[in-house]
Amino acid sequence: MNRRTFCAILPVAGALRPAGAAEPEQPPRERLLFDHDWRFLLGDPAGAEAPDFDAGSWRTLDVPHDWSIEGKIDPQNPMGGSGGYFPAGVGWYRRTFTVPPSWDGRRVGVEFEGVYMNATVYINGQDLGSHPYGYTTFFHDLTPHLKPGANNLLAVRVDQSKQRNSRWYAGSGIYRHVWLNVTDTLHVAPWGVFVTTPEVSPARAMVAINTRITNESGRNSKFVLRTMVYTGSGASIGQSGASAALDAGGSVVISQEIAVDKPALWSPESPALYRAVTRVIEDGKTVDEVFTPFGIRSIEWSAEKGFLLNRKPVKMAGGCVHHDKGPLGAAAYDRAEERRVQLLKEAGFNAIRTAHNPPSPAFLDACDRLGMLVMDEAFDCWSRGKNQFDYNVAFQDWWRRDIDAMVLRDRNHPSVVMWSIGNEIPERGEPLGAQEARMIADYLRSLDRTRPITSALNQVRNWTDADGFYAALDIGGYNYNLNNHRADHQRVPTRIMACTESFPQSTFDDWAMVADFPYIVGNFVWTALDYLGESGIGRWYYRDPKDTSPETYGGAYPWHGSDCGDLDTCGMRKAIAHYRNIVWDRGEKLYLGVRQPAPEGKQLRVTRWGVWPVYESWTWPGMEGKAVDVEIYSRGEAVRLYLDEKLIGEKPTTRAERFTANFSVPYASGALKAVALQDGKAIAEALLRTVGDPAQVRLTADRTSLRADGQDLSFIVVEAVDASGRPHPNADHEVSFSLKGPGTIAAVGSGDMTSEEIYQGHQRKLFHGKALVVVRASRTAGALTLTATAPGLKEAAIQIASRAPGR
C-alpha cells in the first residue's frame, strides 16, 4: 500500500489501524485512489476540457500510464537519441465521478504524484492551473467547483510536444498515482506532519513531531491535537496531547515530543519502521486522522569521521538510477518500484542517487521498508538549460515550489539521508552558480536541517573556481573528478566529498579512494541500472583495427537506451555487478565468466561508460581450439581454474590484483570450474558447462500470487534451455506470449537496447537467451495462465493466482 505523511490510509485498509484503536463511524479523512477508468486520447482537440465534449471514442485505461512507451521507436521522433527515439506529443485524460452527500461541507482535492509534463488540470471545464515540472507532486482544490449529486469531470491536458526537454527518457502522461483527498475543514495541512529524532541512542530516543493544522472553515475553532507512536507491529509506544485555538482561515504549527525506550534503529541492515498517528479532535469528535511512517535513526557528517548512521561510519556503496522501469517505461507501479530496490539490494548496493529528479513515493516507501539509503535529487539544471525546453524555462517561477514538493513530501522517509539540489549545473564554476547554490540550499535548510545537502559537479576548468559553489553545500559532489580529492582536501580540509558519478570501468580505483579516506563518504556509479534514452552510452562494438576515428558520445539508431548499468533494463545482472559486489565486499566471493572474443580481423571497442562484455558461458561454437579469455573475480587470496577437472593454473586475486585473474584457455566443450582459495582452503566454487541445443522455453515468475487491484505485477523471466534444463546463453528465438484469465501483458522486453520491437506487445526476441514478460492483474480475482511458444522449442506455461485484496 502507498503510505503518505499527510493523510490517513484508505478506509478499506483497517488492518493497518493501530491495535486497540476504535474504527470511527465515518472516516475523518478519505484518501481515494483515483487511478481507474480514465479516458485518454493522444492528440489535442479543442474544447476537450468541457463536460459536454464527446470523448466516447477515447481509450479507457488506468494510470499510471506512459503513452510514449506504447509507441514504436523511430529516428524521426522528436525526442531524438536523448529520449530514446520514442514518440511524444500532447495527450488528454478525462475522468468523471459523482460527489456523495457525505462530502457536503468537506474539502475535496486532487493530488497528482507525477505528470510528465506541463499538466493543465480542469474541473467541470474550469482551468485550475498548470504544473510544468514532470517529477514533483502537486495538488488542486476541487471544492468550489464541484456539483453535488451530479457527474463531475476532471480533465488533464499533458503537453510533451516541446522537444527537447530532457537528456534521458522521461515518458509522457499521468505516469504516477492520482488521489482524491476528502477532509474536514479543520485538518492537517498537506505534508503537514514532520517527524524528527533529535536524540537517538540504543537506550532512548526522543521523537519530535511538528504538525501544521489548517482551519478552512468560516469559524474559529478550539481543538485537541493528539499524536500517538506505534511500532510497526502496532504496539503502542507513547502519546502526546495539546490543546489549541485557531482562527477561521488560519494555520498553526504545534510541536510535540514522545520518548521511546530501547528504540529499534533504522538502518539498511535492519530497516525498522514506526508509525505516528495524528488526530485532530474538535468537540470530542475526531475530525482528522493522519498516519506517518518514520524511522528512528541519527545521521552525522564531518570531514574527520565521514558519514555516520546511528553513530557508526557507513560508506555509501551506491548507484545512480533514472526513473524509467525499462519495458514499462515511466509508469510507476508500486511493485515495479519495489522490485528495482530489491534487485539493487540483492546486488550489494546500499545507496541510490535518484538521478536527476525526485522519485515516486512508492520508490521511497520501498527504500524505507527494504533498507536503502537515498540521495534525493531535485534538478538537472537551474537558470541555464541543457536543452531548449528543459527545467530552465520554469526555474525562476517554480524552483521554490518544487523544492517544497520534494522536501516536504520526502522528509519523513528514513531512507532519505541526503538532498541534492542539482546535477552538473551549467553555471558551475561561475559566480552565478555559487549564488544560485546558496539561494537554493539556504531555502531548503529552512524546510529541513536534519540532512546534508549536496550537488554534483563535473568538468570545472579550475577546481578552485568551484569553492564558492561547494561552500553553499554540506557535501561536495564530484562527477568523475574524484582524482582531485587530495588537492581539494588540502586546500579545504573541512570539505566532505562524495563521488556522485563514476565510470563502471573505474570501479576498483574509485572504491579504493572511498574506502581509504574518511572525508569521501561514498561512490555512486553511473549507472546501477540500464535506462531508456541517452542512447548507446556505455556500448561496445567491433571495428577495423586501422579505424582511428574518435569515439562518439552515444550510439546511432536503433540504439534507444544505455548499456552502462550493472543490471540491464529487465533487471538481469551483468558481470560488472558481480565484480562491484566483490570489490565492495558485500557478500559474493567468486565469479567466473568469459570475455566476449572479437571476430578475426576485428577489434572490440569499449566506449567510455562501458566495460568489456563478460558472460557466464562456456558455450562458444566456432571457437574450438582458439584461445578465449576467462575472467575471474574473487574475494579469496587466489583462484584455481580447471577444465574437465584438469588444473589449468592458479593465480592470486588479492587487492594488489584488483580481485581479478585472467586465463587464456583454448576453447573446448566441457566443464569449466573456478575455485576461490583462502589460506589454501576452498571458500567458493563456480562452474560453467557447455550446454546442448535449445530445446524448450522456461518461465520463472518472481511472484505467482497477485492482488486483484488492477496494479499488481508479476515479472516473468523467459529463457531457452537445453534438454537438461540448462539456460542457453546464445539463444535468440522470437518468443510469443498469450495470457488467459483476468489480467493483461503489461510489457515485454530484453536487455537489447538496439531492438526495434515494441515494448507493449506479445512477442520478444531472446537476448543472450533471455527476455522478460510483465503480467498485470486486473481488478477481478481469478487464475491466470501465461503461455510462451517459440519455433523449434517446447512451449511453456505458468500459472498465477490473482486474489482479492486483503485475502
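In what follows, the structure referred to is the one given above.
The following paragraphs examine the structure supplied in this document. Predicted model only: the values in this text are computed from it and were never measured.

Within the chain, the regular secondary structure consists of nine helices and 49 strands. For the chain, the spread of C-alpha atoms along the three principal axes comes to 90 × 65 × 50 Å. Pairs at least 24 residues apart make up 71% of the contacts formed inside the chain by residues separated by at least 6 positions. Surface summary for the chain: the accessible area is close to 30,300 Å², and the carbon and sulfur share equals 49%. Taking the average place of the 89 positive charges on the side chains of the chain and the average place of its 95 negative ones, the gap between the two points comes to 3 Å.

According to the stated counting rule, one finds zero disulfides in the structure shown. Summary of cysteine pairing: cysteine 499 is not part of a disulfide, and the nearest cysteine sulfur, belonging to cysteine 320, is at 8.7 Å. For cysteine 499, a relative accessible area of 1% translates into the label buried.

Turning to the environment of tryptophan 620, a few remarks are in order. Turning to its location among the elements, tryptophan 620 is positioned in the loop between β34 (614-615) and β35 (627-634). Assessed through its relative accessible area of 9%, tryptophan 620 is described here as buried. Leave out the neighbours within four places in its chain, and tryptophan 620 touches Val594, Arg595, Gln596, Pro597, Tyr615 and Tyr667.

Among the nonpolar cores identified, the biggest contains 107 residues, and Leu344, Trp382, Tyr391, Ile403 and Trp526 are the most heavily contacted of them. At eight residues, the largest contribution of residues to this core is made by helix α4 (residues 395-410). Residues contacting leucine 344, with those up to four places away along its chain left out, are Val321, Phe349, Ile352, Met372, Ala528, Leu529 and Leu567. In terms of nonpolar packing, the next biggest core, distinct from the first, is built from 28 residues, Trp67, Val99, Trp103 and Val115 among them.

With that settled, consider the sheet that holds strand β24 (residues 351-354). Read once around its circumference, the closed barrel built from eight strands follows the order β23-β24-β25-β26-β27-β28-β29-β30, with strand pairing classed as parallel. Going across the sheet, the axis of each strand differs from the next one's by a mean of 25°, ignoring polarity. The sheet strands contacting α4 are β25 (373-377) and β26 (416-423), and the helix crosses β26 at an angle near 170°.

Attention now goes to the packing of aromatic side chains. The description of two aromatic rings rests on the distance between their centres and on the angle between their planes. A full pass over the atoms with the stated rule returns 37 aromatic pairs. Following the ring pairs from residue to residue traces out a cluster consisting of Tyr116, Tyr133, Tyr135, Phe379, Tyr391, Phe395, Trp399 and Tyr443. Positioned above the aromatic ring of tryptophan 58 is the side chain of arginine 94, whose terminal nitrogen or guanidinium carbon lies 5.9 Å from the ring centre. Over the aromatic face of phenylalanine 34 sits the side chain of arginine 95, whose NZ or CZ is 3.9 Å from the ring centroid.

Before going further, it helps to spend a moment on the sheet that holds strand β19 (residues 285-294). Across the sheet, four strands lie side by side as β16-β15-β18-β19; this open sheet has antiparallel pairing. Each edge of the sheet is formed by a strand with only one pairing partner; in this case those strands are β16 (236-246) and β19. Along the sheet, successive strands turn relative to each other by an average axial angle of 15°, direction set aside. The pairing of strand β15 (residues 221-231) with strand β18 (residues 274-282) spans eight bridges and is antiparallel. The residue of β18 that forms the bridge with arginine 226 is arginine 279.

Following the criterion strictly, the structure yields 50 salt bridges and no others. Between glutamate 30 and arginine 106 there is a salt bridge, with its nearest N and O atoms 3.5 Å apart. Of this pair, glutamate 30 sits in strand β1 (residues 30-33) while arginine 106 is found in the loop between β4 (89-98) and β5 (107-112), placing the two residues 76 residues apart along the sequence. Both residues of the pair, glutamate 30 and arginine 106, count as buried.

To continue, consider unusual backbone geometry. The residue after alanine 355, namely histidine 356, is reached through a cis peptide bond having omega -15°. Even without a glycine there, the phi angle at glutamate 534 is positive, about 45°. Relative to the elements of secondary structure, glutamate 534 occurs in the loop between β30 (520-525) and β31 (540-543). Taking relative accessible area as the criterion, glutamate 534 reaches 9% and is therefore assigned buried.

A few words on the pairing of strand β47 (residues 770-777). Among the eight residues of β47, seven are classified as buried, and the element is accordingly described as predominantly covered. Across seven bridges, the pairing between strand β43 (residues 713-721) and β47 is antiparallel. In the sheet register, leucine 713 faces β47, and the bridge partner there is arginine 776.

Quick look at helix α2 (residues 334-347) now. Between its first and last C-alpha, α2 extends 20 Å over 14 residues, near the 20 Å set by a 1.5 Å rise per residue. Taken as a whole, α2 has its buried residues at Arg335, Ala336, Glu337, Glu338, Arg339, Arg340, Val341, Leu343, Leu344 and Ala347. Next to the buried residues of α2 lie β23 (316-321), β24, α3 (361-370), α9 (575-584), β43 and β47. Phi for glycine 348, located one or two positions after α2, is positive at around 110°.

What follows deals with the packing of α2 against α3. One can describe the packing of α2 onto α3 by two numbers: an axis separation of 8 Å at closest approach and a directional angle of 40°. Classed by the angle they form, the pair α2 and α3 counts as oblique. Handedness of the α2/α3 crossing: right-handed. Every residue of α3 that contacts α2 at Asp334, Glu337, Glu338, Arg340, Val341, Gln342 and Lys345 is listed here: Ala362, Phe363, Ala366, Cys367, Arg369 and Leu370. By residue class, the composition of the contact of α2 with α3 is six nonpolar, one polar and six charged.

Turning our eyes to something else, we now look at α9. Extensive coverage of α9 is indicated by the burial of ten of its ten residues. Listed as buried for α9 are Ala575, Ile576, Ala577, His578, Tyr579, Arg580, Asn581, Ile582, Val583 and Trp584. One or two positions beyond α9, positive phi appears at aspartate 585, with a value near 60°.

Here we take up the side chain of lysine 325. Inspection of the secondary structure assignment puts lysine 325 in the loop between β23 and α2. On the accessibility criterion, lysine 325 (8% relative accessible area) is buried. Polar contacts involving the side chain of lysine 325 include one to the main-chain carbonyl oxygen of histidine 323, which spans 2.5 Å. Apart from the residues within four sequence positions on either side, lysine 325 is in contact with Ala330, Ala331, Ala332, Ala336, Glu337, Arg340 and Thr569.

Cut-offs used in this document
In this convention, every chain numbers its residues from 1, walking through the sequence in written order. Totals for whole chains, interfaces and linings use every residue, but because this is a predicted model, local features are given only for residues with pLDDT of at least 70 and side-chain atom pairs only at 80 or more, for both listing and counting. Remark: hydrogens and water are excluded; side-chain values derive from all non-hydrogen atoms of the structure. Segments assigned H or I by DSSP are reported as helices when at least four residues long, segments assigned E as strands when at least two residues long, and all are numbered from the N terminus. We call two residues in contact when some of their heavy atoms are within 4.5 Å. To measure how exposed things are, a 1.4 Å probe is used in the Shrake-Rupley method; for residues, cover is taken only from the protein chains shown. Here the positive residues are Lys and Arg and the negative ones are Asp and Glu; neither His nor the chain ends is included. By convention, the charge on Lys lies at NZ, on Arg at CZ, on Asp at CG and on Glu at CD. Count a disulfide wherever a pair of cysteine sulfur atoms falls within 2.5 Å. Buried, partly exposed and exposed residues are distinguished by accessible area as a fraction of the type maximum, computed with a 1.4 Å probe on protein chains only: under 20%, between the cut-offs, and over 50%, respectively. Each nonpolar core is a collection of buried residues, namely Ala, Val, Leu, Ile, Met, Phe, Trp, Tyr and Cys, held together in the definition by side-chain atoms within 4.5 Å. What makes two strands pair is DSSP finding at least two bridges between them. Whenever a helix is involved, its axis is fitted only over the stretch in contact; in every case the axis is a line through C-alpha atoms, and angles between N-to-C directions fall within 0 to 180 degrees. Note on ring pairs: Phe, Tyr and Trp rings are taken, using the six-membered ring of Trp, and paired if centres are within 6.5 Å. Classes follow the plane angle, with under 30 degrees stacked, over 60 edge-to-face and the rest tilted. Each ring is checked for a lysine NZ or an arginine CZ that lies within 6 Å of its centre and within 35 degrees of its normal; such an atom marks a charge sitting over the ring. Take a side-chain nitrogen of Lys or Arg and a carboxyl oxygen of Asp or Glu: if they are within 4 Å of each other, that pair is a salt bridge. A helix is expected to span 1.5 Å for every residue after the first. Angle categories: roughly parallel below 35 degrees, roughly antiparallel above 145, roughly perpendicular from 65 to 115, and oblique for all the rest. Handedness of a crossing is defined here by the sense of rotation of the near helix relative to the far one, left-handed for an anticlockwise turn of less than a right angle and right-handed for a clockwise turn. Residues are grouped as follows: Ala, Val, Leu, Ile, Met, Phe, Trp, Tyr, Cys and Pro are nonpolar; Asp, Glu, Lys and Arg are charged; all remaining types, including Gly, are polar. A 3.5 Å cut-off defines polar contacts: any pair of N or O atoms within that distance qualifies, except that in protein one atom must be a possible hydrogen donor and the other a possible acceptor, and neighbouring residues in sequence count only when both atoms are side-chain atoms.

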